[in-house]
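Descriptive analysis of the structure
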Amino acid sequence: MVDNEQVEEIILTLDDKLSKTVNVLKEEYQAVRAGRANPHILDKVMVDYYGAPTPVTQTSNVSVQEGRCLVISPWDISLLKAIEKALQTSNIGITPTNDGKVIRLAFPQLTEERRRELSKQVKKMGEDSKIAQRNIRRDALEQLKKLKNDKTLSEDEYASCEKDVEKYVSEAIAQIDALAAAKEKEIMTV
């Protein structure tokens, strides 16, 4: 590694952006329904809680029952209708059932066709993340090339930095591939 503050800053920024891209993909994968009850699908569902949009998970106790059913128990029973309405208007694809005390979300068994569809969606999300990684690499290499053109870096130092950038990006892409493969396996498991 070259001993240069500007290069260190470029590499740190690169590493930070690559990590964020991987974390965003993890969050997106958590929201993909794989036939099992997963409380993370409720992360983006907002309910009107005393005039403020609040995530359902912050207004209720959410538990998994028998692997295929989410049970939402609001701390304030008066929120039951509002939570049910928020679930119906969200695009989670499951119709809530309300028994007056709790709301249940029953996850249906996935069909083979739906599994293949979700698998394609997972692959596309992975590819989109890889594209983002490549764009981050391009930006870092452009910044390094600018330093080389300004004579701040020599040819050898630039080549060394280029290898470091490639190493970081390769590691991040390997993480994305591993995440995609794991999620695909989870989806295709009956």
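The sections below set out a description of the structure shown in this document. Sequence order as written defines residue numbering, which begins from 1 separately in each chain. The predicted nature of this model means local features are confined to residues of pLDDT at least 70 and side-chain atom pairs, given and counted, to a pLDDT of 80 or more, with totals for whole chains, interfaces and linings taken over all residues. Here the side-chain values reflect all heavy atoms present in the structure, with hydrogen atoms and water set aside.

1. Remarks on the overall build of the protein chain
For the record, the criterion: A run of H or I in DSSP counts as a helix once it spans at least four residues, and a run of E counts as a strand once it spans at least two, with each numbered from the N terminus. Based on C-alpha atoms, the radius of gyration is set beside the globule rule, defined as 2.2 Å times the residue count to the power 0.38. Classification of residues uses two cut-offs on accessible area relative to the type maximum, computed with a 1.4 Å probe and protein chains only: under 20% is buried, over 50% is exposed, and between them is partly exposed. The contact criterion used is simple: two residues touch if any of their non-hydrogen atoms lie within 4.5 Å. The method behind every accessible area is Shrake-Rupley, applied with a 1.4 Å probe, and residues are considered shielded solely by the protein chains displayed.
For the protein chain, the count of helices and strands is four helices and six strands. Secondary structure of the protein chain in N-to-C order comes out as α-β-β-β-β-α-β-β-α-α. What you see for the protein chain is a C-alpha radius of gyration of 23 Å, clearly larger than the 16 Å of a compact globule of 190 residues, by over 25%. Taken over the C-alpha atoms alone, the protein chain extends approximately 70 × 40 × 20 Å along its principal axes. Looking at the protein chain residue by residue over its 190 residues, the buried ones come to 39%. Across the protein chain, every contact between residues at least 6 apart in sequence was considered, and the portion connecting residues at least 24 apart equals 65%. Carbon and sulfur atoms form 50% of the exposed surface of the protein chain, whose accessible area is close to 11,300 Å².

2. Some details on the packing of helix H1 (residues 5–30) against helix H3 (residues 112–149)
Here is the rule: Helix axes are fitted only over the stretch in contact, all axes being lines through C-alpha atoms; the angle between N-to-C directions runs from 0 to 180 degrees. With respect to orientation, any angle under 35 degrees is reported as roughly parallel, any angle over 145 as roughly antiparallel, any angle of 65 to 115 as roughly perpendicular, and every other angle as oblique. Classification used: nonpolar for Ala, Val, Leu, Ile, Met, Phe, Trp, Tyr, Cys and Pro, charged for Asp, Glu, Lys and Arg, polar for all others including Gly.
One way to put it is that H1 packs onto H3 with a least axis distance of 10 Å and a crossing angle of 170°. Comparing their axes, H3 and H1 come out roughly antiparallel. Residues Gln6, Val7, Ile10, Leu14, Lys17, Leu18, Thr21, Val22, Leu25, Glu28 and Tyr29 of H1 touch H3, and the partners they reach there are Val122, Met125, Gly126, Ser129, Ala132, Gln133, Ile136, Arg137, Ala140, Gln143, Leu144 and Leu147. A class-by-class count of the residues in the contact of H1 with H3 yields 14 nonpolar, six polar and three charged.

3. Some words on H3
Formally: Expected helix span is computed as 1.5 Å times (number of residues minus one).
Along its 38 residues, H3 runs 55 Å from first to last C-alpha, staying within 8% of the 56 Å computed at 1.5 Å per residue. Positioned one or two residues after H3, lysine 151 has a phi angle of 70°, which is positive.

4. Focus on the packing of H3 against helix H4 (residues 155–188)
At a closest axis distance of 10 Å, the pairing of H3 and H4 adopts a crossing angle of 170°. Judged on the interaxial angle alone, H4 and H3 are roughly antiparallel.

5. Section: the environment of aspartate 15
Summarising the element assignment, aspartate 15 is placed in helix H1. Distance from aspartate 15 to arginine 137, taken between C-alpha atoms, is 9.9 Å for residues 122 residues apart in sequence.

6. Some thoughts on the nonpolar core
Stated precisely, the cut-off is as follows: Residues belong to one nonpolar core when they are buried, are Ala, Val, Leu, Ile, Met, Phe, Trp, Tyr or Cys, and are joined through side-chain atoms within 4.5 Å.
Of all hydrophobic cores here, the largest spans 28 residues; its most connected members are Val7, Leu14, Leu144 and Val165. Elements supplying a minimum of two residues to this core: H1, H3 and H4. The leading source of residues in this core is H4, at nine residues. Apart from the residues within four sequence positions on either side, leucine 14 is in contact with Ile136, Arg137, Ala140, Val165, Tyr168 and Val169. If you look at the next biggest cluster of nonpolar residues, it comprises 18 residues, including Val45, Leu70, Leu79 and Leu80.

7. Focus on the pattern of salt bridges
So the rule is basically this: Criterion for a salt bridge: a side-chain nitrogen of Lys or Arg within 4 Å of a carboxyl oxygen of Asp or Glu.
Counting across every chain of the model gives 13 salt bridges. Arginine 104 is the partner of aspartate 99 in a salt bridge, and the nearest nitrogen-oxygen pair spans 3.1 Å. Aspartate 99 gets classed as partly exposed once you look at its relative accessible area, which sits at 47%. A salt bridge links arginine 137 to glutamate 166; the shortest N-O distance between them is 3.2 Å. You can see arginine 137 sitting in helix H3 and its partner glutamate 166 sitting in helix H4, a full 29 residues away along the chain. Here the salt bridges do not stand alone but share partners, grouping Glu127, Lys130 and Asp177 into one network.

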